Structure formats: structure tokens, C-alpha cells
Amino acid sequence: MSKIIDGKKLSKEILQQVAVEVTELTERGGIAPCLAVVLVGEDPASQLYVRNKIRCCNEAGIRSVEHRLSSDVSQPELNALVDELNNDATVQGILVQLPLPGHLDESAIIEAINPSKDVDGFHLLNVGLLSTGQPGLVPCTPTGCMIMLEKVLGDLSGKHAVVIGRSNIVGKPMAALLLQASCTVTIVHSRTRDIAALCRQADIVVAAVGQPGLVKADWIKPGAAVIDVGINAIEVTEADGSVVRKLVGDVDFAAVEPVAGYITPVPGGVGPMTIACLMKNTLSAARAQSTTVQ
Ligand code: NAD
């Protein structure tokens, strides 16, 4: 098995499997899943993410509807749209693309989404279900990381995992999933002393920080699995003097790859897995809503 975990290939397999299960669900009389994506403003990165999500919906046989709102939309207007989607029986998943413009209260919008349609898994009810080990909708990026880890390592029980970063969307749910898989979990962050020494003890390192090349080769125990969640746009000067923009992760890939047992590339690692898991969540939501309706 290659030591580079190919998230692009694995995500395609997941999309194909979701497409098969969507057909099975609808043939059994269940609801055909539909994802509503809400995009506020013109942020180019958000526009790209939304385009990719809609493209993957098509690949997975999931219907999608896009709602584009101007960057000066008010909180009541956005709330009204979320309410409308909550009450729309033809919509099973709702995703409000983050970040929202500064005048909008992100937490209030997330809490306004019906938890059974919260395919990002950010609603407090889903956060609570995850942290108490009960079934719910789980954030997509950490789910994708777990699929990759289990694919290459099998049972994760007893392994020591270090998660770098403690955000609500990646670090914390990642730690919760690793704990659920019976890992010993250490969370390190901007205030942690000697992160390198803690990482060197780990069988699994998950980096979710947003700092290019933070994780160095001498942080990694030989043979450890390294999952790079970071997405950083940097400018690189080529040999001919031209400057090009490149996407890199939080891991110094060239230096770490020879030491690691397994490693994810950026791009082509966690990113495509995140979107594939969004499709899995939309299917799960449709399945759960089909049971409620029948
Ligand atoms: P965030 O800014 O919310 O959190 C970053 C975390 O890193 C914080 O908890 C902070 O304590 C920690 N941190 C900051 N500096 C540190 C340092 N020097 N050492 C150790 N920890 C440090 O970011 P986020 O939303 O969790 O995203 C992290 C990265 O992952 C970003 O690059 C983001 O673009 C990327 N991301 C990728 C995907 C994907 O699908 N691949 C999804 C979500 C986020």
C-alpha cells in the first residue's frame, strides 16, 4: 500500500457508493435527498467551495439548490431563509457556507438550522450527540480524516493521537472521534508548550492549524500516520523568477513524507474527503427523514 493516502481516489469511491445508496433509498420509497447550499457574499474561496460541493452532489445523485445572498443581507433575512428551508419537505440538508460577513451572527444562524438537516454537524445538538457518543450528524472534515486513518491503520484502538488545533469545526470533533475509536488523545494548540515533543510520541498526528509547513520532520515518530487538514495559499518564486500561488498544508510534506508511515497530500487529501462526507451526511439525513415520514 502506498504511504500517500489518496483522498481524491477514496472520495470518488465514496461518491459512487453514495450514488448507489441514494438509488436504493428512493427505490424503497424513501426521500430523494436534496442539499440546499446558502452562500452569502462574493468571497472567492467560498464560491469555489460551493461550486465543488454542488459538483459532488451531481456525482452522488443528490439534488442541490443554491441560494445566493448579497453580502449586506440582514440577520432576519438570512434567518427567514433558513426557516423556509427548515420547513421545506423537499430539502433534507442545509449548509450555510462559512465564514459569514462580520455583521452576521454565525452561531445564531447555525442554531437556527433544524438539527436533523444540519449536514455540517455544527448545531449544538449534534455537537452534544458526538461528545456523548450518540448517533447524529458529525462534522465532515474529521469524518473524512477518520475514514482515511481506518483505511490505512484498521483498528485505531490504543493508538496515541495528537490533534494540533482546537477549533469547533475540526480540532474538537476530530478529538471526539478519535476518542470514540479508543485512541489516547492529546489536543495541542497555540498555548501548548513543546508541541514537537508531544507529537514525537504520537502514532497519529492530525494537523488543523492554518500555518504552512508548521509540522517538521523531527516532530514525527518514524512510521506514524500524518493527516494534514491545513489549506494555505502561498506564493512561490519559481526558478525563472515568476511568482505562482500554490496550496499547501500545515505539514512540511517533502521533509515529513520520508519519515511518516502514511501521509495525506495537500491538495488531494482531506479536502475531497470533506466534500464526500458532506454527501454521506446528506444521504444519512434523507434516510432519517424518510423513517420519520413513513
Ligand atoms: P481555526 O483558525 O479555527 O483554528 C486553528 C487552531 O490552530 C486554533 O485552535 C489554534 O489554537 C491552533 N493554533 C494556532 N497556531 C498554532 C500553533 N503555532 N501551534 C499549534 N496550534 C496552533 O482553523 P480551522 O477552521 O480549524 O482550520 C484549520 C486549517 O484547516 C485551516 O488551514 C483551514 O483552511 C483548514 N481546513 C481544511 C478543511 C478541509 O476540508 N481540508 C476543512 C476545514 C478547515
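In this text, all values refer to a predicted model and were calculated from it rather than measured experimentally. (Residues numbered from 1 in each chain as written. Predicted model: local features only at pLDDT ≥ 70, side-chain atom pairs only at ≥ 80, totals over all residues. Heavy atoms only, no water.)

A. Inspection of the site of the ligand at higher detail. Around the ligand, a shell composed of 21 residues is seen, among which Arg166, Ser167, Val229, Ile231 and Thr274 lie nearest. The side chain of glutamine 211 places a nitrogen or oxygen atom 3.3 Å from a nitrogen atom of the ligand. Burial of the ligand by the surrounding chains reaches 72%, relative to a free accessible area of 860 Å². The element best represented in the shell around the ligand is helix H10 (residues 270–293), accounting for 3 residues. Of the residues in the shell around the ligand, the class split is 9 nonpolar, 11 polar and 1 charged. (Near = heavy atom within 4 Å. Polar contact = N/O pair within 3.5 Å; in protein donor to acceptor, adjacent residues only side chain to side chain. Areas by Shrake-Rupley, 256 points an atom, 1.4 Å probe, with all protein chains shown as cover. Helix = DSSP H or I, 4+ residues; strand = E, 2+ residues; numbered from the N terminus. Nonpolar A, V, L, I, M, F, W, Y, C, P; charged D, E, K, R; others polar.)

B. Structural view of the environment of histidine 160. Along the chain, histidine 160 falls in strand E4 (residues 160–164). When the C-alpha positions of histidine 160 and threonine 184 are compared, they lie 4.7 Å apart, and in sequence the two are 24 residues distant. In contact with histidine 160, other than residues within four places in its own chain, are Thr184, Thr186, Leu198, Gln201, Ala202, Asp203 and Ile204. There is a polar contact of 2.8 Å between the side chain of histidine 160 and the side chain of threonine 186. (Contact = heavy atoms within 4.5 Å.)

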